[in-house]
Amino acid sequence: VSGEVNLTLNEDMALETYVVIAGNGSINMDLNGHNIIRDQATALYMNSDDIEVNIKGQGEVAGAQAVWANAGTANIYEGTFRSNAVKGGDCIYASGTGKVNIYGGEFFAEVNNEDFAEPHYSCLNIRDAYRGTASITVYGGTFHNFNPADNVSEGRGTNFVAPGYKSVEESKGIFVVMPE
(Lines give C-alpha, C1' and ligand atoms only; values in the text may rest on other atoms or scores of the structure.)
Protein backbone atom coordinates (compact mmCIF):
# COMPACT_ATOMS: atom_id res chain seq x y z
CA VAL A 1 0.00 0.00 0.00
CA SER A 2 1.17 3.48 -0.81
CA GLY A 3 -0.81 6.57 0.14
CA GLU A 4 -4.42 6.31 1.31
CA VAL A 5 -6.59 3.37 0.24
CA ASN A 6 -10.32 2.98 0.90
CA LEU A 7 -11.40 -0.64 0.95
CA THR A 8 -15.03 -1.77 1.25
CA LEU A 9 -15.80 -5.49 1.44
CA ASN A 10 -18.48 -6.62 -1.01
CA GLU A 11 -18.58 -10.26 0.08
CA ASP A 12 -17.42 -12.59 2.83
CA MET A 13 -13.81 -13.78 2.67
CA ALA A 14 -12.72 -17.27 3.73
CA LEU A 15 -8.93 -17.03 3.89
CA GLU A 16 -6.53 -19.90 3.25
CA THR A 17 -3.56 -17.75 4.26
CA TYR A 18 -3.29 -14.53 6.21
CA VAL A 19 -3.55 -11.12 4.58
CA VAL A 20 -0.26 -9.24 4.97
CA ILE A 21 -0.76 -5.49 5.28
CA ALA A 22 2.42 -3.52 4.59
CA GLY A 23 3.62 -0.39 2.88
CA ASN A 24 3.60 3.33 3.51
CA GLY A 25 0.21 4.94 4.05
CA SER A 26 -3.22 4.11 5.38
CA ILE A 27 -6.06 1.72 4.67
CA ASN A 28 -9.62 2.60 5.61
CA MET A 29 -11.32 -0.80 5.75
CA ASP A 30 -15.13 -0.96 5.85
CA LEU A 31 -16.34 -4.46 6.71
CA ASN A 32 -19.69 -3.43 5.17
CA GLY A 33 -21.63 -6.26 6.87
CA HIS A 34 -19.21 -8.95 5.61
CA ASN A 35 -16.80 -11.32 7.34
CA ILE A 36 -13.10 -12.14 7.07
CA ILE A 37 -12.55 -15.64 8.48
CA ARG A 38 -9.44 -17.82 8.64
CA ASP A 39 -9.67 -21.18 10.37
CA GLN A 40 -7.01 -21.84 13.01
CA ALA A 41 -4.52 -19.13 12.00
CA THR A 42 -4.07 -15.34 11.80
CA ALA A 43 -6.49 -13.43 9.54
CA LEU A 44 -5.04 -9.88 9.20
CA TYR A 45 -1.29 -9.44 9.77
CA MET A 46 0.25 -5.95 9.81
CA ASN A 47 3.98 -5.83 9.14
CA SER A 48 5.17 -2.31 8.30
CA ASP A 49 6.01 0.56 10.64
CA ASP A 50 4.62 3.07 8.13
CA ILE A 51 1.13 1.58 7.75
CA GLU A 52 -2.09 2.52 9.52
CA VAL A 53 -5.24 0.44 9.20
CA ASN A 54 -8.63 1.83 10.27
CA ILE A 55 -11.30 -0.86 10.63
CA LYS A 56 -14.93 0.25 10.60
CA GLY A 57 -18.36 -1.13 9.75
CA GLN A 58 -20.32 -4.14 10.87
CA GLY A 59 -18.92 -7.58 10.09
CA GLU A 60 -16.69 -10.15 11.72
CA VAL A 61 -12.95 -10.79 11.63
CA ALA A 62 -11.86 -14.15 13.04
CA GLY A 63 -8.69 -16.22 13.13
CA ALA A 64 -6.35 -17.63 15.76
CA GLN A 65 -5.58 -13.92 15.91
CA ALA A 66 -8.20 -11.83 14.14
CA VAL A 67 -5.73 -8.93 13.94
CA TRP A 68 -1.99 -9.23 14.59
CA ALA A 69 -0.04 -5.95 14.55
CA ASN A 70 3.66 -6.78 14.32
CA ALA A 71 4.44 -3.28 13.03
CA GLY A 72 2.31 -0.24 12.21
CA THR A 73 -0.95 0.87 13.81
CA ALA A 74 -4.38 -0.76 13.79
CA ASN A 75 -7.32 1.42 14.82
CA ILE A 76 -10.50 -0.54 15.47
CA TYR A 77 -13.77 1.42 15.53
CA GLU A 78 -16.46 -1.18 14.81
CA GLY A 79 -16.97 -4.83 13.97
CA THR A 80 -16.86 -8.15 15.77
CA PHE A 81 -13.52 -9.81 16.52
CA ARG A 82 -12.91 -13.30 17.80
CA SER A 83 -10.38 -16.06 17.97
CA ASN A 84 -11.50 -19.30 16.42
CA ALA A 85 -8.51 -21.35 17.56
CA VAL A 86 -9.30 -24.72 19.08
CA LYS A 87 -7.19 -24.14 22.21
CA GLY A 88 -8.08 -20.48 22.42
CA GLY A 89 -6.14 -17.69 20.81
CA ASP A 90 -6.17 -13.95 21.02
CA CYS A 91 -8.66 -11.73 19.21
CA ILE A 92 -6.05 -8.99 19.01
CA TYR A 93 -2.30 -9.58 19.21
CA ALA A 94 0.62 -7.12 19.15
CA SER A 95 4.36 -7.73 18.82
CA GLY A 96 7.43 -6.00 17.44
CA THR A 97 6.56 -2.30 17.14
CA GLY A 98 2.84 -2.92 16.50
CA LYS A 99 0.25 -0.67 18.07
CA VAL A 100 -3.47 -1.32 18.41
CA ASN A 101 -6.01 1.32 19.46
CA ILE A 102 -9.54 0.08 20.16
CA TYR A 103 -12.33 2.68 20.04
CA GLY A 104 -15.28 0.34 19.65
CA GLY A 105 -16.39 -3.04 18.43
CA GLU A 106 -17.24 -6.32 20.07
CA PHE A 107 -14.57 -8.77 21.20
CA PHE A 108 -15.04 -12.41 22.19
CA ALA A 109 -12.45 -14.21 24.30
CA GLU A 110 -12.24 -17.98 23.87
CA VAL A 111 -11.37 -20.27 26.74
CA ASN A 112 -8.04 -22.13 26.81
CA ASN A 113 -8.31 -24.98 29.31
CA GLU A 114 -5.34 -26.97 28.03
CA ASP A 115 -2.41 -24.62 28.69
CA PHE A 116 -3.49 -23.16 32.03
CA ALA A 117 -4.33 -24.58 35.47
CA GLU A 118 -7.66 -22.73 35.55
CA PRO A 119 -9.84 -21.61 32.65
CA HIS A 120 -8.00 -18.81 30.88
CA TYR A 121 -9.78 -16.38 28.57
CA SER A 122 -7.52 -14.44 26.29
CA CYS A 123 -8.62 -11.61 24.05
CA LEU A 124 -5.94 -8.91 23.94
CA ASN A 125 -2.32 -9.96 24.17
CA ILE A 126 1.14 -8.46 23.66
CA ARG A 127 3.92 -10.94 22.92
CA ASP A 128 5.99 -11.05 26.11
CA ALA A 129 9.33 -10.16 24.47
CA TYR A 130 7.80 -6.95 23.02
CA ARG A 131 6.01 -5.45 26.01
CA GLY A 132 8.33 -2.45 25.81
CA THR A 133 7.77 -1.70 22.10
CA ALA A 134 4.29 -2.98 21.21
CA SER A 135 1.05 -1.64 22.69
CA ILE A 136 -2.69 -2.14 22.94
CA THR A 137 -4.81 0.78 24.20
CA VAL A 138 -8.57 0.53 24.74
CA TYR A 139 -10.85 3.60 24.51
CA GLY A 140 -14.12 1.75 23.95
CA GLY A 141 -15.72 -1.54 22.98
CA THR A 142 -17.55 -4.48 24.49
CA PHE A 143 -15.58 -7.49 25.71
CA HIS A 144 -17.08 -10.93 26.39
CA ASN A 145 -15.41 -13.07 29.09
CA PHE A 146 -12.50 -10.62 29.26
CA ASN A 147 -11.83 -7.49 31.29
CA PRO A 148 -9.31 -5.26 29.48
CA ALA A 149 -8.61 -3.48 32.79
CA ASP A 150 -7.58 -6.78 34.47
CA ASN A 151 -5.83 -8.72 31.75
CA VAL A 152 -4.83 -12.24 32.71
CA SER A 153 -2.97 -12.70 29.37
CA GLU A 154 -0.32 -10.24 30.55
CA GLY A 155 -0.69 -10.99 34.25
CA ARG A 156 -3.57 -10.31 36.59
CA GLY A 157 -4.04 -6.58 37.10
CA THR A 158 -2.56 -5.54 33.74
CA ASN A 159 -4.64 -2.67 32.40
CA PHE A 160 -5.00 -1.92 28.66
CA VAL A 161 -7.69 0.74 29.25
CA ALA A 162 -6.58 4.28 28.34
CA PRO A 163 -6.25 6.93 31.05
CA GLY A 164 -9.58 8.72 31.53
CA TYR A 165 -11.55 5.58 30.62
CA LYS A 166 -12.90 2.68 32.66
CA SER A 167 -14.08 -0.87 32.18
CA VAL A 168 -17.54 -1.60 33.61
CA GLU A 169 -19.04 -5.07 33.96
CA GLU A 170 -22.53 -4.50 32.51
CA SER A 171 -23.61 -8.09 33.10
CA LYS A 172 -21.83 -11.28 34.09
CA GLY A 173 -18.69 -11.54 31.97
CA ILE A 174 -19.58 -8.58 29.67
CA PHE A 175 -17.28 -5.57 30.08
CA VAL A 176 -17.84 -2.22 28.36
CA VAL A 177 -15.12 0.43 28.14
CA MET A 178 -16.29 4.05 28.39
CA PRO A 179 -15.08 7.50 29.51
CA GLU A 180 -14.83 7.91 33.30
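Whatever comes next refers back to the structure up there.
Reference entry: report on the structure contained in this document. Only a predicted model underlies this, so the values are computations on that prediction, with no experimental measurement involved. (Residues numbered from 1 in each chain as written. Predicted model: local features only at pLDDT ≥ 70, side-chain atom pairs only at ≥ 80, totals over all residues. Heavy atoms only, no water.)

So, on to the nonpolar core. Membership of the largest hydrophobic core comes to 39 residues, with the highest contact counts inside it found for F81, I92, I102, L124, I136 and F143. Taken together, the elements giving at least two residues each to this core come down to strand 4 (24–30), strand 6 (44–56), strand 8 (65–76), strand 10 (90–94), strand 11 (99–102), strand 15 (124–126), strand 16 (135–138) and strand 19 (174–179). With near-sequence residues (within four places) excluded, F81 lies in contact with I55, V61, A66, V67, I76, C91, I92, E106, F107 and F108. (Core = buried A, V, L, I, M, F, W, Y, C linked by side-chain atoms within 4.5 Å. Buried < 20%, exposed > 50% of the residue type's maximum accessible area, 1.4 Å probe, protein only. Helix = DSSP H or I, 4+ residues; strand = E, 2+ residues; numbered from the N terminus. Contact = heavy atoms within 4.5 Å.)

Attention now goes to the packing of aromatic side chains. Applying the stated criterion to the full structure yields 9 aromatic pairs. Every member of this aromatic cluster is reached through a ring pair, and the members are Y18, Y45, W68 and Y93. The positively charged end of R82 is found above the aromatic ring belonging to F108, 4.2 Å away from the centroid. (Phe/Tyr/Trp six-rings, centres within 6.5 Å; stacked < 30°, edge-to-face > 60°. Lys NZ or Arg CZ within 6 Å of the ring centre and 35° of its normal.)

Okay, the pairing of strand 19 next. Note on strand geometry: in a regular strand, side chains alternate between the two faces of the sheet. Here 4 bridges tie strand 17 (residues 141–144) to strand 19, and the two strands are oriented antiparallel to one another. Across the sheet, F143 pairs through a bridge with F175, a residue of strand 19. By the bridge criterion, 6 bridges tie strand 18 (residues 165–171) to strand 19 in an arrangement that is antiparallel. Each bridged residue has a counterpart across the sheet, and for S171 the counterpart in strand 19 is I174. (Pairing = 2+ DSSP bridges.)

Honestly, it's all geometry; don't read function into it.
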